[in-house]
Every structure is written in C-alpha cells, then in structure tokens.
Amino acid sequence: MKVLVTGGMGYIGSHTCIQMLAAGMTPIIIDNLYNSKPSVLGRIKEVTGVDVQFIEGDIRDKAFLTKVLKANDIQSVIHFAGLKAVGESVEKPLEYYDNNVHGTLVLVDAMREAGVSSLIFSSSATVYGDPASVPIKEDFPTSATNPYGRSKLIVEECLTDFQHANPDWSITLLRYFNPVGSHPSGKLGEDPQGIPNNLMPFIAQVAVGRREHLSIFGNDYPTIDGTGVRDYIHVMDLADGHIAALNGVGAKAGLHTYNLGAGKGYSVLEMVQAFEKASGNPIAYQFAPRRAGDIAECWADSSKAEHDLGWKATRTVDEMTQDTWRWQSHNPQGYPDEQA
Ligand code: NAD
Ligand code: UDP
C-alpha cells in the first residue's frame, strides 16, 4: 500500500514511516523542511535499509500535491504537516490558520481531484480543552484555548462536514496525547529548534548539559504532588496506532475518531525522577508560576482504539525515558545539518 505522508520528516512522521516499512507499506514523504532536516532520511535508511521517497514541497501548493498524488498511485494520506507550538500560535495566529487550516483544505481538495479518498489526520488532546473529568473519552465536549488548538478543532469540524457530504470517504481523526520517546536505536528522535516548549525534550537537554535547569510550571495543582499530570505515550506506540488505523478503518467509509494515549497520568516530578533514573544524571529544576492555559491533569481513555483497531500502547515510562536519553546523548545537538 502506497501512503502519502505529509510532514513525514518531522518527529512523529519519521517514526511512523519506520513502522509503516516494517508493516510492508510504502510511505512517500512530502515536507517543506520548515521544522525538520534532510538528514532524517539517512537515519531512516540506517534503521530500515530503505531509501524512502521524499519530495520537498508545501501542502498549500495544490498543483504540486495533485501531481504527486496522481503520479504515485497513492491509496491513503497521513497528514502530519503543520505548525505545533502553542505559544508561537498566540503570537502568529495567521500563520497557524494558514498552515494548519488552509493547508489541510488544499490537501483535501487535491486528494479529491486525484481520486484519493482515505485520510488520517493528526489531531490532539488539546481539542478537549480543560476536561470536566478524566480519563477523557472521544465523546467529551471540545473547546480551544489558543490558536493552535483552535486550528485543530476547526480542521476536525471541516473534515467532519466534508465527510458527511462525501460519505464514501474514510476520514480518521487521531487525537494524540503527549508523544515522547525516540526510536530505540537512538538514531531518530525529537529535535526541537530553539528552546523546547515541551517537557521531555527540555528535561533531556538539561540532562545532556545544554540547559541549566528545568522550570516546573506550577506546584499547586490539585494533583498527586502539585505538578501537572499528563498522559505520555511512546512515539513508537503512536506510530503503531497509525498502522492500526490504516489497516482497521483506512478503507472503511466513515468518520472515525480515536484517542491515542497510554491511559495513565504521570506528574512532572514523576517524569523528572524517571529521567534521572534512565540517564544517571541529576535534573536540576526550579518551581515557577503556572503556564497560562495549562490544565491540572489530562489522560486518555483509549479503549475505543483498542476495541475497534486492536491497538493499545505497550511501552513503559522507563522505555520512554531510556529511548529519549539514548537519542539525546548520542545526538546532543539533534540531527546534523547535512546528510551523513
Ligand atoms: P514536527 O514539527 O516534528 O513535524 C511536522 C512536519 O511538517 C515538519 O517536518 C515540518 O517541516 C512539516 N511542515 C510544516 N508545515 C508544512 C507545510 N506547510 N508543508 C509541508 N510540510 C510542512 O511535528 P510533530 O511533533 O511530528 O507533529 C506532527 C503532527 O502531530 C502535527 O500536525 C502536530 O500538530 C500533531 N501533534 C503533535 C503533538 C506533539 O506533541 N508532538 C501532539 C498532538 C498533535
Ligand atoms: N512543563 C513544565 N516545564 C516545561 C515544560 C512543560 O513544567 O518546561 C509541564 C507543563 O506545565 C505540563 C507538562 O509539563 O504540566 C507537559 O507539558 P508539555 O508542554 O510537554 O505538553 P502539554 O500537555 O502542555 O501539551
């Protein structure tokens, strides 16, 4: 099965391509390299032995997309491409709506023209806003507190309307919880540009000596130890979730929505401790005020994905921290700028 992977050079996309190859699928990547480096391709080859086809381009370019879709006999599209930094989205809402909303509309239009009617979309647990209770199920109310989250919600709503008008399409909305971890080889991982926004890459950069200390945003939440609680899911489990979705509902007409989380919450302090154990290094931290827009706790009920797709996260927090540490300690500055 040939699958177009938009944003396939990025963190989740690159790990998903590896698992697709292992499952006998053929990923074809398009990416504009806004937040990724060409050397990712060499790393995928080191791990899989396969030269994955990569075509540089932008999802907002309909002529380009239509040409790629038609020329490659694509059966399905996994759509990762987009901008993802919450803080940046507040500063640059137009860029976020243009990339995430407009980009997705152009993609679907090109798919329609090329006769490709199976789409898997990277959504996020952020669409649940501040949930009334945990664990979160797919039928919980949705809301947005920032332009990034709103862009995901708008896309979900556009895709829902489009699928209703085109009932022969298969559209799958995958709501990711907190992806962390790296490929177990240590060759691929998360490589944020500039100061990391997310907890795990920040901790990893403190452990490797790139940053002095972690700021823990809030220690007065009504949680186990006062720090925020999240559902961390190993990126390889998340990657497997895409294979399960492609196999389970990728050819089944309908709108399919799934939570992809591990179903358990860990606090910031618990993640710090797990990382100290994995790396053998102390992680210096200071408590800081709460971060605007953060919620106390959030974790998934992913039983729908288990029931329908036969998918369940299996990798432990120790694997998440050990694999992240292998990647970070072998690649302290992230991916090289040039192809090896
Ligand atoms: P990433 O930034 O590592 O990967 C995204 C890729 O898309 C990058 O390689 C970037 O260069 C590319 N891209 C961006 N705009 C593009 C455009 N207009 N045309 C072509 N390529 C473009 O991000 P990621 O962590 O791998 O996330 C993938 C998807 O999952 C995103 O849509 C993100 O919003 C969503 N998501 C991520 C998380 C997370 O915590 N990482 C959580 C929930 C949802
Ligand atoms: N966090 C923190 N310091 C950081 C980054 C994150 O204390 O430098 C906390 C954040 O407040 C939240 C948790 O770590 O409780 C996960 O945050 P992240 O940004 O990774 O994911 P989010 O759930 O916000 O999307």
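Note that this is a predicted model, so its numbers are computed, not measured. (Residues numbered from 1 in each chain as written. Chains lettered and ligands numbered in written order. Predicted model: local features only at pLDDT ≥ 70, side-chain atom pairs only at ≥ 80, totals over all residues. Heavy atoms only, no water.)

## Things to note about the UniProt feature "domain: NAD(P)-binding" (unreviewed entry) in the chain
Thinking step 1. Following the UniProt record, one finds the feature "domain: NAD(P)-binding" (unreviewed entry) at residues 4-324.
Thinking step 2. With 40% helix and 17% strand, the stretch residues 4-324 has end C-alpha atoms that lie 27 Å from each other. (UniProt positions renumbered as here; feature names shortened; annotations may be inferred. Helix = DSSP H or I, 4+ residues; strand = E, 2+ residues; numbered from the N terminus.)

## Some details on the pairing of strand S6 (residues 170-176)
Thinking step 1. Counting buried residues in S6 gives seven out of seven residues, a clear majority hidden from the surface.
Thinking step 2. A two-sided burial pattern is seen for S6, the buried positions comprising Ser 170, Thr 172, Leu 174 and Tyr 176 on one face and Ile 171, Leu 173 and Arg 175 on the other.
Thinking step 3. Pairing between strand S5 (residues 118-124) and S6: seven bridges, direction parallel. By the bridge assignment for S6, Ser 123 is matched with Arg 175.
Thinking step 4. Handedness of the crossover joining S5 and S6 through helix H6 (residues 147-165): right-handed. (Buried < 20%, exposed > 50% of the residue type's maximum accessible area, 1.4 Å probe, protein only. Pairing = 2+ DSSP bridges. Right-handed = clockwise from strand over helix to strand, strands pointing away.)

## Remarks on the sheet that holds S6
Thinking step 1. Overall, parallel pairing links the seven strands, which are arranged S3-S2-S1-S4-S5-S6-S11 in an open sheet. If you trace the sheet from one side to the other, it starts and ends with strand S3 (53-56) and strand S11 (254-260), each paired once. For this sheet, the mean angle separating the axes of adjacent strands, direction not counted, is 20°.
Thinking step 2. Where strand S2 (residues 26-31) lies against S3, four bridges are found, and the strand directions are parallel. Residue Asp 31 lies in a different strand from S3, and its bridge partner there is Glu 56. (Axes fitted to C-alpha atoms, helices over the stretch in contact; angles between N-to-C directions.)

## Some words on the site of ligand 2
Thinking step 1. Looking at ligand 2, there are 14 residues lining it, with Leu 199, Ser 215, Arg 230, Arg 291 and Asp 294 nearest.
Thinking step 2. The separation between an oxygen atom of ligand 2 and a polar side-chain atom of Asn 198 is 3.2 Å.
Thinking step 3. Taking Asp 294, its side chain carries an N or O atom lying 2.6 Å from an oxygen atom of ligand 2.
Thinking step 4. Starting from 510 Å² of accessible surface for ligand 2 in isolation, the protein chains cover 86%.
Thinking step 5. It is strand S8 (residues 214-217) that provides the largest number of residues to the shell around ligand 2, a total of four residues.
Thinking step 6. Residues of the shell around ligand 2, tallied by class, amount to six nonpolar, five polar and three charged. (Near = heavy atom within 4 Å. Polar contact = N/O pair within 3.5 Å; in protein donor to acceptor, adjacent residues only side chain to side chain. Areas by Shrake-Rupley, 256 points an atom, 1.4 Å probe, with all protein chains shown as cover. Nonpolar A, V, L, I, M, F, W, Y, C, P; charged D, E, K, R; others polar.)

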